[in-house]
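Each chain, letter by letter, is given below.
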Amino acid sequence: MTKRLLLPYGLVGPGLLAALALVALPLLLTLSLSFLPFTYADGIGDGFTMANYVEIATDGYYQEIFLRTFLLALIVTGVSILIGAPEAYILARLSPFMRAIAFVVVLGPLLISVVVRTLGWTILLGNEGVINRVLLSIGLISEPIRLMYTFTGMAIALVHVLVPFVVLAVWTSLQKLDPATEQAAESLGAGPLTTLTRIVLPQVLPGVLSGGLIVFALASSAFATPAIIGGRRLKVVSTTIYDEFLNYLNWPLGAALALVLLVIVLVISVGVSRFVERRYKQAFQ
Amino acid sequence: MSRTPIALHIFHWLFVLFMVAPLAVVVLVSFTDKGYISFPFDGASLRWFQAIWNQKSFIDSFWLSLALGATAATLAVVLAVPAAMAIAWHRFPARDLALALLMSPLMLPAIVLGIAILRLLSHLGMTGSLAGLVAAHMVVVLPYVLRLVIAAAAGYDHALSQAARSLGASAWAAFRRIELPQLVPGIAGGWIIAFVTSFDELTMSIFVSSAGTTTLPVRMYNYIANTIDPLLAAISTVLIALTLVLMIVLDRLFGLDRILGGKA
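Being a predicted model, the structure only gives us computed values, none of them experimental.

What counts and how
Residues numbered from 1 in each chain as written. Chains lettered and ligands numbered in written order. Predicted model: local features only at pLDDT ≥ 70, side-chain atom pairs only at ≥ 80, totals over all residues. Helix = DSSP H or I, 4+ residues; strand = E, 2+ residues; numbered from the N terminus. Buried ≥ 20, exposed ≤ 12 C-beta atoms within 10 Å, placed from the backbone. Contact = placed C-beta atoms within 7 Å. Nonpolar A, V, L, I, M, F, W, Y, C, P; charged D, E, K, R; others polar. Axes fitted to C-alpha atoms, helices over the stretch in contact; angles between N-to-C directions. Parallel < 35°, antiparallel > 145°, perpendicular 65-115°, else oblique. Left-handed = near helix turned anticlockwise from the far one by under 90°. Core = buried A, V, L, I, M, F, W, Y, C linked by C-beta atoms within 7 Å. Expected span 1.5 Å × (residues − 1). Bend = angle between axes of the 7 residues up to and from the residue. pLDDT = per-residue confidence, 0-100.

Notes on the overall build of chain A
Thinking step 1. Per the secondary structure count, chain A includes 12 helices and two strands.
Thinking step 2. Along the chain direction, N to C, the helices and strands of chain A fall in the order α-β-β-α-α-α-α-α-α-α-α-α-α-α.
Thinking step 3. Dimensions of chain A along its principal axes, counting C-alpha atoms only, are 80 × 75 × 35 Å.
Thinking step 4. Per-residue burial over chain A gives 44% buried out of 285 residues.

What follows is the structure, given as structure tokens:
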């Protein structure tokens, strides 16, 4: 009998050990690292200090970076929901053949390296890039708009990288939708718009929000796209962590930045999903 | 579809254009005969594809990423299959905690995990080691496998195992002959997603890899940071082509939306 009781632990044990050794332990080590003092002359010292966190909280330089990062994440999330949710709705109405093609186009990029996709955006966004040349040649603008190394450029490229997650989440919740509810609304005299806003939208809202949450979490910690499109001047939190670790070798400050980022992202993620779960339960009890 | 308003059609095609444009320009640029980023309309060639073969560092990184992805995905399967069986089929204290811990790499930003594992490796004196890179990738891709195998295990009818045992099969025989085959679709899908995720992983690998163990995305990133030329576009085009083939295979085998559901 004891053998039977121990079986699940034996099965889950090896994986759990790996997660403890490679996730939990490293995070604890990072936490302890973030309390160590650092000077450029002597490197990482011994002792315990709050200095790294105090610096992040009080230095306007870091406040600006955090503000920029979360503003970027918020905008990217909003735009991704605004264009991703309608696209999922359209996908559901396409013929099977067209839908198969649309899937490859819309979801396929998830399988392609972010470096490749960002390279495409650097070719499109430059002053001599495709977008500017097209706009110039049709006379819509008289001189190139700066898109590379700008906030707008970062936002555009990040939406491209992350919007498939919204499409996927909304598509999944559309699949669970009972078509009878739409038919019932129509037979009771609701127009297409009323059916969409009063019947379809409330039912897929959890999907929209969970997709948005994934985008927000990934956008606020994205590295490659902000690093390449934003360049060295337009820093976000993750590129700042990279610089502290690999250029300035100020690991304690980098660790503190990473933990502040982690806590903010986790608090927002858990908070929103709790809120969604509560609302969702109330609506469908 | 006939009742879909025209505005939705226009929106759909604009969306498709938005998704395809950055990849299409990469592919186009890779066929230029110029030495800089330009379109091949006034002169096309395959010179940049030939040039890839002379870039030994990129070729080495490609093979490294391929081997790393396969190893990490396989190790993740070895750990995730028993864990998924325990979580899907047994009720035990700490079950939810175990699941949360195993899935936690999905919740953690890659950059945080990257510096955390770098910190661990520097403690152990293993900075830049291949073993460290493999371990880091394994734990990051494990949740993808776990999720798909749990989904496959959830639909399993335990009467089959009981029938096998009552007919005299050992627990191991029942697992290998009856239970495991039922999990194979989940395992195969999970392995592929795990492999692709590892192959594409950049942010964490930047911290964990070293000069001797530079994965392909890291090498490409370092290259872009300095210069953008058609060589990189040619390498990207090869990757896009390989991904396209993989996508068609995946869609035939599993359905693209279902397998990618494991990624989100």
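A few points about the overall build of chain B
Thinking step 1. The helix and strand inventory of chain B stands at 12 helices and zero strands.
Thinking step 2. Counting helices and strands in the order they occur from the N terminus, chain B gives α-α-α-α-α-α-α-α-α-α-α-α.
Thinking step 3. The C-alpha extent of chain B, read off along each of the three principal axes, is 75 × 65 × 30 Å.
Thinking step 4. Relative to its 264 residues, chain B shows a buried fraction of 45%.
Thinking step 5. A separation threshold of at least 6 residues defines the contact pool for chain B, and within that pool the share at least 24 residues apart is 75%.

Notes on the interface of chain B and chain A
Thinking step 1. Counting from both sides, the interface comprises 73 residues of chain B and, opposite them, 69 residues of chain A.
Thinking step 2. With 14 residues, the top contributor of residues to the side of chain B that touches chain A is helix α1 (residues 6–29) of chain B.
Thinking step 3. Tallied by class, residues from the side of chain B that touches chain A come to 59 nonpolar, nine polar and five charged.

A few points about the packing of helix α4 (residues 96–107) of chain A against α1 of chain B
Thinking step 1. Contact pair α4 of chain A / α1 of chain B: the axes reach a minimum separation of 9 Å and the direction vectors enclose 50°. By the angle class used here, α4 of chain A and α1 of chain B are oblique. Like other packed secondary-structure pairs, α4 of chain A and α1 of chain B cross with a definite hand, here left-handed. Side by side, α4 of chain A and α1 of chain B meet where A102, V105 and V106 of chain A of the first sit next to V16, M19 and V20 of chain B of the second.
Thinking step 2. Taken together, the residues of the contact of α4 of chain A with α1 of chain B sort by class into six nonpolar, no polar and no charged.

Describing the packing of helix α3 (residues 60–93) of chain A against α1 of chain B
Thinking step 1. For the pair α3 of chain A and α1 of chain B, interaxial distance at closest approach is 10 Å and the crossing angle is 115°. Relative to α1 of chain B, the element α3 of chain A is oriented roughly perpendicular. Along this stretch, α3 of chain A crosses α1 of chain B, giving a crossing that reads as left-handed. Residues I83, P86, E87 and I90 of chain A of α3 of chain A lie in contact with α1 of chain B, whose contacting residues are L8, F11, H12 and F15 of chain B.
Thinking step 2. When the residues that make up the contact of α3 of chain A with α1 of chain B are grouped by side-chain class, the tally is six nonpolar, one polar and one charged.

Description of unusual backbone geometry
Thinking step 1. Backbone geometry places Y149 of chain A, a non-glycine residue, at a positive phi of 60°.
Thinking step 2. Residue placement: Y149 of chain A occurs in the loop between α6 (130–137) and α7 (151–175).
Thinking step 3. A tally of 17 C-beta atoms within 10 Å means that Y149 of chain A is categorised as partly exposed.
Thinking step 4. Within the chain, A94 of chain B stands out as a residue other than glycine whose phi angle is a positive 75°.
Thinking step 5. Examined against the element boundaries, A94 of chain B turns out to sit in the loop between α3 (56–89) and α4 (95–107).
Thinking step 6. In this structure A94 of chain B comes out as partly exposed when scored by C-beta crowding, with 13 C-beta atoms within 10 Å.

Remarks on the nonpolar core
Thinking step 1. Ranked by size, the top nonpolar core spans 166 residues in total, and within it A76, A80 and V145 of chain B carry the most contacts.
Thinking step 2. When sequence neighbours within four positions are dropped, the list of residues in contact with A80 of chain B reads G15 of chain A together with L142, V145, L146, V149 and G190 of chain B.

Notes on the environment of G211 of chain A
Residues and elements named next belong to chain A.
Thinking step 1. Along the chain, the position of G211 falls in helix α9 (residues 192–221).
Thinking step 2. C-alpha separation for the pair G211 and T77, spaced 134 residues apart in sequence, amounts to 8.9 Å.
Thinking step 3. The contacts of G211, once residues within four sequence positions are left out, are G84, F165, V166, L168, A169 and V170.

A word on the environment of F66 of chain A
Residue and element names in this part refer to chain A.
Thinking step 1. In this fold, F66 is placed in helix α3.
Thinking step 2. A tally of 19 C-beta atoms within 10 Å means that F66 is categorised as partly exposed.
Thinking step 3. Remark: the alpha-carbon pair of F66 and V237, spanning 171 residues in sequence, is separated by 6.0 Å.

Some words on helix α6 (residues 130–154) of chain B
Residue and element names in this part refer to chain B.
Thinking step 1. When the terminal C-alpha atoms of α6 are compared, their 36 Å separation across 25 residues agrees well with the 36 Å that a helix rising 1.5 Å per residue should span.
Thinking step 2. A bend of about 35° at V141 is the largest found in α6, and the proline P143 appears one to four places after it.
Thinking step 3. Within α6, 19 of the 25 residues are buried, which leaves the element mostly enclosed by the surrounding structure.

Examining the confidence of the model for chain B
Thinking step 1. Here chain B averages 90 in pLDDT, and 97% of its residues register 70 or above.
Thinking step 2. Predicted complex metrics record ipTM = 0.91 and pTM = 0.92.

A look at the environment of S198 of chain B
All names here are of chain B.
Thinking step 1. Position of S198 among the secondary structure elements: in helix α8 (residues 171–200).
Thinking step 2. On the basis of neighbour counts, which here come to 27 C-beta atoms within 10 Å, the residue S198 falls in the buried class.
Thinking step 3. The spacing of S198 and L180 is 18 residues in sequence and 25 Å in space, taken between C-alpha atoms.
Thinking step 4. Not counting chain neighbours up to four residues away, the residues in contact with S198 comprise L68, G69, A72, A73, H137 and V141.

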